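This is what each chain is made of:
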Amino acid sequence: MAEKPTVYVTRRIPEAGLALIRDTCRMRLWEGELPPPKEVLLQEVADCDGLLCLLTDPIDAEVIGAGVRLRVISQMAVGVDNIDLRAATARGIPVGHTPGVLTEATADFTFALLMAAARRIPEGVDYVRAGKWQTWEPMGLLGVDVWGATLGIVGLGRIGAAVARRARGFAMRVLYYDPNRRPDLETELGAEYAELEDLLASSDFVSLHCPLTSQTYHLIGEVELRRMKPTAILINAARGPVVDPDALVRALSEGWIRAAALDVTEPEPIPPDHPLVSLPNCIVVPHIASATVATRERMAAMAAENLLAGLRGERLPYCANPEVYQRES
Ligand code: GLV
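1. Looking at the pattern of salt bridges
Turning to step 1, where the next piece is worked out: Considering all chains together, one arrives at 22 salt bridges under this definition.
Turning to step 2, where the next piece is worked out: Of the charged contacts in the structure, one is a salt bridge between Arg120 and Glu123, with a shortest N-O distance of 2.9 Å.
Turning to step 3, where the next piece is worked out: Relative accessible area serves as the criterion here: at 24%, Arg120 is assigned to the partly exposed category.

2. A closer look at the site of the ligand
Turning to step 1, where the next piece is worked out: Taken together, Leu55, Ala77, Val78, Gly79, Leu102, Arg239 and His287 form the complete shell of residues around the ligand.
Turning to step 2, where the next piece is worked out: Between an oxygen atom of the ligand and a main-chain N or O atom of Gly79, the distance comes to 2.8 Å.
Turning to step 3, where the next piece is worked out: Here an oxygen atom of the ligand and a side-chain polar atom of Arg239 are 2.7 Å apart.
Turning to step 4, where the next piece is worked out: Relative to its free-state accessible area of 190 Å², the ligand is covered by the protein chains to the extent of 88%.

3. A word on the sheet that holds strand β12 (residues 282-284)
Turning to step 1, where the next piece is worked out: Spatial ordering of the open sheet is given by β8-β7-β6-β9-β10-β11-β12, a layout of seven strands whose pairing is parallel. The open sheet terminates on both sides in strands that have one partner only, identified here as β8 (192-193) and β12.
Turning to step 2, where the next piece is worked out: Pairing geometry for strand β9 (residues 205-208) and strand β10 (residues 233-236), over four bridges, is parallel. Within β10, the residue paired with Val206 across the bridge is Leu234.
Turning to step 3, where the next piece is worked out: Strands in contact with helix α5 (residues 103-118) are β6 (150-154), β9, β10, β11 (259-262) and β12; relative to β10, the strand with the most contacts, it is inclined by about 150°.
Turning to step 4, where the next piece is worked out: Set on the sheet, helix α11 (residues 245-253) makes contact with β10, β11 and β12; between it and β11 the angle comes to about 140°.

4. Brief notes about the pairing of strand β4 (residues 72-75)
Turning to step 1, where the next piece is worked out: The side-chain alternation of β4 yields two buried faces, one formed by Val72 and Ser74 and the other by Ile73 and Gln75.
Turning to step 2, where the next piece is worked out: The pairing of strand β3 (residues 50-53) with β4 spans four bridges and is parallel. Bridging from a neighbouring strand, Cys53 pairs with Gln75 of β4.
Turning to step 3, where the next piece is worked out: Where the polypeptide runs from β3 across helix α3 (residues 61-66) and back to β4, its parallel neighbour, the crossover connection is right-handed.
Turning to step 4, where the next piece is worked out: Note: β4 against strand β5 (residues 95-96), two bridges, orientation parallel. Paired with Ile73 across the bridge in β5 is Val95.

Analysis parameters
- Residues numbered from 1 in each chain as written.
- Predicted model: local features only at pLDDT ≥ 70, side-chain atom pairs only at ≥ 80, totals over all residues.
- Heavy atoms only, no water.
- Salt bridge = Lys/Arg side-chain N within 4 Å of Asp/Glu carboxyl O.
- Buried < 20%, exposed > 50% of the residue type's maximum accessible area, 1.4 Å probe, protein only.
- Near = heavy atom within 4 Å.
- Polar contact = N/O pair within 3.5 Å; in protein donor to acceptor, adjacent residues only side chain to side chain.
- Areas by Shrake-Rupley, 256 points an atom, 1.4 Å probe, with all protein chains shown as cover.
- Pairing = 2+ DSSP bridges.
- Helix = DSSP H or I, 4+ residues; strand = E, 2+ residues; numbered from the N terminus.
- Contact = heavy atoms within 4.5 Å.
- Axes fitted to C-alpha atoms, helices over the stretch in contact; angles between N-to-C directions.
- Right-handed = clockwise from strand over helix to strand, strands pointing away.

Note that every value here comes from positions in space, so none of it alone points to a role or purpose.
Okay, structure coming up:
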């Protein structure tokens, strides 16, 4: 019988994924609550055939280089900006990820952030907890209308489109900016294409759904924040570094925009004494947009399936560097 492949899993993930791996592999699992330190990662990948990692693991050229036997890298996330895809492709290693299964949960959560910021829900909760609720206040905790407002979506991929679908139920006007124009979605969703600067100037809510790349790093900085309406709200459930955090602190403190709601930050985790954490017009939550029981189970199973396909020498069902296959043919 052929020897079972050895795989390293960098964190305990839902059993829906672990069970699949355990069946056919010699699995080593990092049991820590925090990501394995780089030295551990380097040591562990040295004799592994497969690696299952999370977005918190920096899978750089050094780690990929140390994995001399690595045949597949599978990430339990859709975004793969923590992985040096170029280094993986150069080594002929396919990289798996988990698109699709987290789209709806992430779009739900984006709307939760949008509503929470628009209607000041965290401030209301704090108010009650602090014993300040004395009476119904005609002018207390006034927010802004979501219904009928204009939503600007930056990045009309799967998640951006799912957010646009929800916006229709709120009778919102939807603008979008994306390097790839999507006439199909313009018709289906009634979304209007706009250049980024026009979208920023016209939207009541700006929601970010682009991947983090060298083109989108600090896409939203001082110039862009100053272009937004002073009443506008920024939502980021994409990746922290898409927004320049120093510019955002100034925008929120000086009233260039009204509020922000962030599922992701730069750095991540954000230190508790960072100004974005204490500003009353900023909501920060710890990167939980895909965090539902069912979604995380689906992500774990999909990551395991990608891993096992790679170990069997089959094409990964969901591959983030498909050029790795062109290279082989
Ligand atoms: C989460 O941020 C993901 O990329 O899946």
